[in-house]
Amino acid sequence: MEAVPCRRKGGGDANTLTDRYAAKLCGPAPLMGRLKELWSYLHASFENDDAGLRIIQRAPDLPSLRAAISALTSP
């Protein structure tokens, strides 16, 4: 059985996803909850994943969370 390629609508990166969630969700608390839950699954795809997840989970506000995600995804 051949795998079907995954096609992302609109493409983009982590910041684009954050901006799309921000447009749909009401306020920073639901947005941060959604992103922290998402990154609890995605963190295993990156090097130094446990430390990066810990920083994401402890982020107190949205700018700190964005910085933690950028640090995890940067090469």
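Reference entry: report on the structure contained in this document. (Residues numbered from 1 in each chain as written. Predicted model: local features only at pLDDT ≥ 70, side-chain atom pairs only at ≥ 80, totals over all residues. Heavy atoms only, no water.)

## What about the overall build of the protein?
Here is step 1: The helix and strand inventory of the protein stands at four helices and zero strands.
Here is step 2: Mapped in sequence order, the helices and strands of the protein form the string α-α-α-α.
Here is step 3: A buried classification covers 24% of the 75 residues belonging to the protein.
Here is step 4: The contacts of the protein with a sequence gap of at least 6 include a subset with a gap of at least 24, amounting to 40%.
Here is step 5: Accessible surface for the protein amounts to roughly 5,600 Å². Of this, 56% is attributable to carbon and sulfur atoms. (Helix = DSSP H or I, 4+ residues; strand = E, 2+ residues; numbered from the N terminus. Buried < 20%, exposed > 50% of the residue type's maximum accessible area, 1.4 Å probe, protein only. Contact = heavy atoms within 4.5 Å. Areas by Shrake-Rupley, 256 points an atom, 1.4 Å probe, with all protein chains shown as cover.)

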